[in-house]
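# Per-entry structural report
If you want the building blocks of each chain, they are given just below.
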Amino acid sequence: MGTEHIARSFRAAACDIDFEWPTVNLLEACARYGIALEDVAYLAANENPFGPSPRATAAAIESLSRAAVYPSPSLRYDELRNEYADVRGALARYCGVDADMIMPGPGSETVLRYVTQVFLDPGDEVVAAPESYSGHPWASQIMGAAVTYVPLVDYRFDIDGFLAAVTERTKMVWLCSPNNPTGTIITDAELHRLLDNVPPTTVVVCDQAYQELVDDPAWGDGTQYLLGGHRNVVVLRTMSKSFALAGLRMGYAIADPAVCALIDRIREPYYVSGPACAATLAALEDREWSADVVAKLIAARRFVSAALTDLGCQVVPSQCNFVLVDTGVDADDLYERLLRRGIVVRSGSIWGYTTHLRISMGTDEENRRLIAALTAELAG
Ligand SMILES: Cc1ncc(COP(=O)(O)O)c(C=O)c1O
């Protein structure tokens with residue numbers, strides 16, 4: 001018997017997001033094509049190939065000696081510890097805001113779900129772009145909200161389209177800048193126009209997961225608008241990308257203290273792990289490492305973008321650690337052909353980009369291997 005009879009009674013039944021765990025596919029693909037896992041170049045999840053600061057790794061390992069106690073606050077081992085408060089303080093200093101404007105959580109994916117839990121009720125409307133991070137509409141639909149989709153124009157958020165879609169029932173607007181999967185930004189002028197024209201009761205979530213990788217001075221930072229008095233702005237950021245702590249799970253919201261207090265009320269009591277807190281504190285201190293990694297990722301994005309352009313592909317200018325590229329051929333087919341060579345990327349077809357690939361930056365060796373494989377596959 002199927003589960004339809006049960007699913008009908010859950011809000012989850014309203015979710016129209018299709019998601020497949022990529023690792024399951026990968027294991028199947030390796031078996032299918034006889035590829036050893038260690039020979040796979042996995043350029044599909046926008047991870048950081050350079051890894052975290054060794055100081056962050058050491059701090060996480062050291063914290064394991066306290067694995068028997070809840071992370072925070074705790075009183076054992078002759079010491080009162082409150083890693084959670086320490087992390088809030090360190091992130092606040094890093095972002096240039098007060099600690100009561102920071103709300104950490106186990107990954108920004110989880111934090112964005114808290115934001116929807118705080119604000120959304122069944123029947124509410126939210127506005128989002130279909131060619132953006134699927135976690136936004138997904139979390140909204142789980143709360144029973146209806147999503148109005150406003151497609152990107154030329155790979156960029158359509159600010160006029162968003163403004164036209166906002167009604168008095170719109171509770172939330174989802175922005176992503178730079179955007180996953182296009183790598184494009186919302187400029188300061190565009191953000192300004194949007195924020196000046198949405199009602200103050202509409203929450204504007206600016207997902208800035210890739211913010212450290214932006215080098216375009218035209219980019220608009222949601223935090224500045226929040227600090228400038230737009231109390232309806234919620235910025236989402238993460239330690240997963242530039243700081244390479246994706247596996248430890250640490251993300252955060254920057255928001256009005258009242259919004260942070262609401263999230264604090266609904267979050268689980270012991271929800272960020274001790275190792276994640278310890279690694280975050282150490283990573284934020286090791287600025288030399290993070291600056292070096294960001295420089296390497298930007299250099300990789302320039303190298304890959306230029307090489308793909310030389311191959312005759314249309315590269316969407318990216319401000320992230322991935323690029324979206326129009327190869328001119330069927331994306332699902334090219335994805336499969338690269339998979340056969342042990343290179344895993346994302347096909348753009350899930351976002352309606354049927355001739356595009358989204359390629360995460362790898363190590364120099366992986367990037368060169370990718371370009372060689374695409375050169376062979378696209379020849380003729
Ligand atoms: C735009 C965007 N937001 C949020 C996330 C989630 O990041 P995390 O939950 O690791 O902080 C990702 C991950 O790829 C992303 O691309």
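Residues numbered from 1 in each chain as written. Predicted model: local features only at pLDDT ≥ 70, side-chain atom pairs only at ≥ 80, totals over all residues. Heavy atoms only, no water.

## Concerning the overall build of the protein chain
Here is the rule: Secondary structure follows DSSP: runs of H or I at least 4 residues long count as helices, runs of E at least 2 residues long count as strands, and numbering of each begins at the N terminus. Our radius of gyration is a C-alpha quantity, and the globule rule it is checked against amounts to 2.2 Å times the number of residues to the power 0.38. Accessible area is worked out with a 1.4 Å probe on protein chains only. A residue is then buried under 20% of its type maximum, exposed over 50%, and partly exposed in between. Here the Shrake-Rupley method, with its probe set to 1.4 Å, supplies the accessible areas, and only the displayed protein chains count as covering residues. Charge assignment in this entry is limited to Lys and Arg as positive and Asp and Glu as negative, and neither His nor the chain termini are counted. We put the charge of a Lys on NZ, of an Arg on CZ, of an Asp on CG and of a Glu on CD.
Across its full length, the protein chain carries 14 helices and 15 strands. Against the globule reference of 21 Å for 380 residues, the protein chain gives a C-alpha radius of gyration of 21 Å, in line with a compact fold. Considering only C-alpha atoms, the protein chain reaches an extent of 65 × 55 × 55 Å along its principal axes. For the protein chain, the proportion of its 380 residues judged to be buried stands at 55%. A total of about 17,000 Å² of accessible surface is found on the protein chain, and carbon and sulfur atoms cover 54% of it. Side chains of the protein chain give 31 positive and 49 negative charges; the mean places of these two sets differ by 3 Å.

## Here's the deal with the environment of A60
Operational definition: In what follows, a contact means two residues having at least one pair of non-hydrogen atoms within 4.5 Å.
Looking at the element boundaries, A60 is found in helix α3 (residues 54-63). The buried category is assigned to A60, whose relative accessible area is 10%. Along the primary structure A60 and V329 are separated by 269 residues, whereas in three dimensions their C-alpha atoms are 45 Å apart. With near-sequence residues (within four places) excluded, A60 lies in contact with L248, P275, A278 and A279.

## Quick word on the packing of aromatic side chains
For any two aromatic rings, the description comes down to two numbers: the centre-to-centre distance and the angle of the planes. Here is the rule: Two rings from Phe, Tyr or Trp (for Trp, the six-membered ring) form a pair when their centres sit within 6.5 Å of each other. Planes less than 30 degrees apart are called stacked, planes more than 60 degrees apart edge-to-face, and all others tilted.
With the rule as written, the count across this model stands at 7 aromatic pairs. With a centroid separation of 5.6 Å and an interplanar angle of 65°, the aromatic rings of Y84 and Y271 are classed as edge-to-face. Of this pair, Y84 sits in helix α4 (residues 83-95) while Y271 sits in the loop between α10 (257-266) and α11 (274-285), and the two are 187 residues apart along the sequence. On the basis of relative accessible area, Y271 is assigned to the buried category, the value being 10%. Between Y210 and F322 the ring centres are 5.2 Å apart and the planes differ by 85°, which places this aromatic pair in the edge-to-face class. Here F322 lies in strand β12 (residues 322-326) and Y210 lies in the loop between β8 (203-207) and α9 (222-227), a separation of 112 residues in the sequence. For the pair Y210 and F322, one class covers both residues: buried.

## What to know about the environment of F157
For F157, the position within the fold is in the loop between β6 (146-149) and α7 (159-165). Judged by its relative accessible area of 5%, F157 falls in the buried class. Note: C-alpha distance between F157 and A128 (29 residues apart in sequence) is 9.4 Å. Those residues in contact with F157 that sit more than four places away from it in its chain are A129, S132, L152, F162, W174, L175, C176, N179 and I186.

## Some remarks on the domain arrangement of the protein chain
Put simply, the rule reads: Boundary definitions for the domains trace back to an automatic or database domain assignment. Using a 1.4 Å probe, buried area is obtained as the accessible area two parts lose upon being combined, added over both of them. By convention in these notes, a salt bridge is any Lys or Arg side-chain nitrogen within 4 Å of a carboxyl oxygen on Asp or Glu.
According to the domain assignment, the protein chain contains domain 1 (4-51 + 288-378) and domain 2 (54-286). Just the C-alpha atoms count here: the centres of domain 1 and domain 2 sit 24 Å apart. Across the contact, 32 residues belong to domain 1 and 34 residues belong to domain 2. The junction of domain 1 with domain 2 conceals about 2,800 Å² of combined surface from both sides, 60% of it contributed by carbon and sulfur atoms. Summed over the shared surface of domain 1 and domain 2, the number is 2 salt bridges.

## Examining the sheet that holds strand β11 (residues 314-315)
Convention followed: Pairing between strands requires that DSSP locate at least two bridges from one strand to the other. Lines are fitted to the C-alpha atoms to define the axes, a helix being fitted only along its stretch in contact, and any angle between axes, read from their N-to-C directions, falls within 0 to 180 degrees.
Within the open sheet, the 4 strands sit side by side as β11-β12-β15-β14. Their pairing is antiparallel. A strand with exactly one partner marks an edge of an open sheet, and here the two such strands are β11 and β14 (346-347). In this structure, β14 lies alongside strand β15 (residues 356-360), joined through 2 bridges in antiparallel fashion. Within β15, the position partnered with S347 by the bridge is L357. In the packing of helix α12 (residues 287-310) onto the sheet, the strands contacted are β11, β12 and β15, and the crossing angle to β12 comes to about 10°. Packing against the sheet, helix α13 (residues 331-340) makes contact with β14 and β15, and its axis sits at approximately 40° to β15.

## Examining unusual backbone geometry
The amide bond that connects S177 to the next residue, P178, takes the cis arrangement and shows omega of 0°. With omega at 25°, the peptide bond leading from N180 into P181 counts as cis. Looking at where P181 falls in the secondary structure, it is placed in the loop between β7 (170-176) and α8 (188-197). The phi angle at A244 is positive, at roughly 60°, despite the residue not being glycine. Within the secondary structure, A244 sits in the loop between β9 (233-238) and β10 (251-254).

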